2 protein chains.
Amino acid sequence: MNIRDIARISGVGVSTVSRVLNNHPDVKESTRENVLRVIKESNYVPNNSARILKQNNTKNIGVLVKGVFNPFFSELINVIGNKINENKYTMILQQNDYVLEHEVENIISFVKEKRLQGIICLGGNFIDLDEDSFKNIDVPVILTSVNTVSPSGRDKYSTVGINNLQSAYDATDYLIKKGHKNIALMIGEENDFCVSWWRYKGYIKALKDNNIEPNDENLIIGDYDSNIAYKVTLDFLKKRKDITAIFAISDIMAMGVAKAVIDSGLIVGKDISIVGFDGMNISRYYNPGITTIKQPMEEMAIKSVEILFDLLKNKCENQHVLLDTELIERESCADLN
Amino acid sequence: MNIRDIARISGVGVSTVSRVLNNHPDVKESTRENVLRVIKESNYVPNNSARILKQNNTKNIGVLVKGVFNPFFSELINVIGNKINENKYTMILQQNDYVLEHEVENIISFVKEKRLQGIICLGGNFIDLDEDSFKNIDVPVILTSVNTVSPSGRDKYSTVGINNLQSAYDATDYLIKKGHKNIALMIGEENDFCVSWWRYKGYIKALKDNNIEPNDENLIIGDYDSNIAYKVTLDFLKKRKDITAIFAISDIMAMGVAKAVIDSGLIVGKDISIVGFDGMNISRYYNPGITTIKQPMEEMAIKSVEILFDLLKNKCENQHVLLDTELIERESCADLN
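So, how was this worked out
- Residues numbered from 1 in each chain as written.
- Chains lettered and ligands numbered in written order.
- Predicted model: local features only at pLDDT ≥ 70, side-chain atom pairs only at ≥ 80, totals over all residues.
- Heavy atoms only, no water.
- Buried < 20%, exposed > 50% of the residue type's maximum accessible area, 1.4 Å probe, protein only.
- Helix = DSSP H or I, 4+ residues; strand = E, 2+ residues; numbered from the N terminus.
- Pairing = 2+ DSSP bridges.
- Axes fitted to C-alpha atoms, helices over the stretch in contact; angles between N-to-C directions.
- Contact = heavy atoms within 4.5 Å.
- Phe/Tyr/Trp six-rings, centres within 6.5 Å; stacked < 30°, edge-to-face > 60°.
- Lys NZ or Arg CZ within 6 Å of the ring centre and 35° of its normal.
- Domains from an automatic or database assignment.
- Buried area = accessible area lost by both parts, 1.4 Å probe.
- Salt bridge = Lys/Arg side-chain N within 4 Å of Asp/Glu carboxyl O.
- Polar contact = N/O pair within 3.5 Å; in protein donor to acceptor, adjacent residues only side chain to side chain.
- Nonpolar A, V, L, I, M, F, W, Y, C, P; charged D, E, K, R; others polar.

**Student:** Give a detailed account of the pairing of strand β2 (residues 90–95) of chain B, specifying residues and quantitative values.
**Tutor:** Residues and elements named next belong to chain B. For β2, the buried fraction is high: 6 of the 6 residues fall into the buried class. Pairing of strand β1 (residues 60–65) with β2, which is carried by 6 bridges, proceeds in the parallel orientation. Bridging from a neighbouring strand, Val63 pairs with Leu93 of β2.

**Student:** How would you sum up the sheet that holds strand β10 (residues 291–294) of chain B? Please name residues and give values.
**Tutor:** Residues and elements named next belong to chain B. Spatially, β7-β6-β8-β9-β10-β12 is the arrangement adopted by the 6 strands of the open sheet, whose pairing is mixed. Looking at the sheet topology across the chains shown, the edges are occupied by β7 (219–221) and β12 (326–328). With strand direction ignored, the average angle separating the axes of adjacent strands in the sheet is 20 degrees. As judged from the 3 bridges shared by strand β6 (residues 183–187) and β7, these two strands associate in the parallel manner. Residue pairing in the sheet places Ile187 in a bridge with Ile221 of β7. Contacts between helix α10 (residues 251–263) and the sheet are confined to β6, β8 (245–248), β9 (273–278) and β10, with β9 contributing the most and set at about 160 degrees to the helix.

**Student:** Provide a residue-level description of the packing of aromatic side chains, including the pertinent values.
**Tutor:** Residues and elements named next belong to chain A. Inspection of every chain in the model, using the stated rule, returns 13 aromatic pairs over all chains. Aromatic side chains Phe72 and Phe73 sit 5.6 Å apart centroid to centroid with 55 degrees between the ring planes, which places their arrangement in the tilted category. Across the pair, Phe73 and Phe72 agree in class, each one buried. Against the face of Phe277 rests Arg199, its NZ or CZ located 3.7 Å from the ring centre.

**Student:** Residue-level account of the environment of Ile127 of chain A, with values.
**Tutor:** All names here are of chain A. As for its placement among the helices and strands, Ile127 is situated in the loop between β3 (118–122) and β4 (141–144). Under the relative-accessibility criterion, Ile127 is labelled partly exposed at 39%. C-alpha of Ile127 to C-alpha of Cys194: the two residues are 67 residues apart in sequence and 7.3 Å apart in space.

**Student:** Break down the domain arrangement of chain A for me, with residues and values.
**Tutor:** Residues and elements named next belong to chain A. Each domain of chain A was delimited in the assignment, giving domain 1 (3–41), domain 2 (55–162 + 297–325) and domain 3 (164–294). Here the C-alpha centre of domain 3 lies 29 Å away from the C-alpha centre of domain 2. Counting residues at the interface gives 14 residues for domain 2 and 16 residues for domain 3. Buried surface at the junction of domain 2 and domain 3, both sides included, amounts to about 1300 Å², of which 60% is carbon and sulfur. Contact with domain 3 buries area across many residues of domain 2, yet Asn147, Ile162 and Thr325 alone supply 39% of it, more than any other trio. There are 0 salt bridges connecting domain 2 and domain 3. Between domain 2 and domain 3 we count 2 residue pairs in polar contact (both at pLDDT 80 or more) in total. The leading source of residues in the side of domain 2 that touches domain 3 is helix α5 (residues 71–86), at 3 residues. Grouping the amino acids of the side of domain 2 that touches domain 3 by side-chain chemistry returns 7 nonpolar, 6 polar and 1 charged.

Structural data, given as structure tokens:
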């Protein structure tokens, strides 16, 4: 079944079928309906593969994700996938956890192997980027929700993210202003020198600005996982009766923390205050509602795809965009003043 | 930079570099380390694209998802992606919500456009499958966590899922045995004739087997969304003071239901009992813990990929696998006896 068969059965010319397929306005409505009915009944699918091969243009955009599991990234992928499809490109999703140890090599091999026209990385550690990091690939690279540490080579890639230091500062300062002094920080992975590192710095800065001496023993590792957050918090609370607040740098960890507080016989928002991070539904619908730093997830996804396609069309240079976060107050924090 | 350059710089032959790249055991350790160092420093990536093109074998497996957003599917995608990569194939992820209205056409055009070697569909409505549905595509089709209604053509595709009717029966019967008679059911979409429909049938059957007359007004629509589940439950509880239990057919809806119960001034597990479905972390860490029907998510993902590759290797015929669910008791249900 090809386009000529469809035209013959529909009783119209091939060019009319083509106009219908391309959503051209210049087709009579009854004709359009008839052609679409014939197409549907015949299971005919316009096969573009040959043309795509001939052009050697796969129109693939890669999305390399640090842990698809993380519901924060799922929400980003959802929006990014829609936007890539709207631009008539294909999203190829790959996880960043199990191929090689080095993130830059992951990007380069992903781009080459899949002949990508561009790549968006969600999360990951990019601590040693420099002028030469992406010299072997000639496609737009967007690092989203990633914090890069090195200042060199920033004209070779784009970033879309938030100010992690300031956001963590705001959360910590909020707790201090409510009278808390012994505030634990739950970070993600121990060797995460990006997001966890910047949020750790914001937490430390807020303590120091308020004349509170940081204590290394107030740092706990939750691995961005509710189960682990729950277990380490249970242990932590047994040893540390002086703690009055825990700031967890993701909402899924904050949920594990909250349950551990409850299972320790303590009351969330009274004995132990909790602040999360991300602004996921779980922080809103938890009992009690968990105060959190809301990230602009949809905006982050839209902006990433927008920059990528602008770069592809040579409509812009590489950009570094910081979006605003918002502290959302709920019932999980006690006022000790 | 090609394999000959790497060999030259490393001071070894091309075949040695090739053995290192293919993880061949027959290479001296110091040589291996030296070659890997040169490869790393030169950013060389073995480029298989030309070979892949020549073979006209893209090695792509499509995963078509009904709502990537759903954390239940995120977890499945995570495992499926890993397994596809282990088999040296590429996962192409596409959402099923916005291209065409008809699910079978979505599959066919996805397979043709992306030249897929196989496809796994997560969720979706497949009510009118027949002998001819997949006649235009010649690759394995696996429907995972989908309930098909029609009995014909089942040798043309495989399914991996659970017994939705029995699982919903178990949840409802559990509530009835605890003395509940006025049990509301929160389903997903109103026109979902698959998962929601079978779970609805299980709920109705349990009521009838226990001599309870089903009441149409006990059916509420939560759209698989915490926000919507929360809003409709708030309204529902205002009108229906007789209800003592709500069975929500997903944990993310159960979370919205629980919060609505709490915000209505009622106590979860005392005034209103709640049972969820899926066995996500949110049901475990919610306060109170929510009784749920646990689906074997990882097993479901692994089985789907296993059948797909067995079909590709002609090692099996199409299969229809039903996996077991488990009712996990937590604190969200009152015993009225």
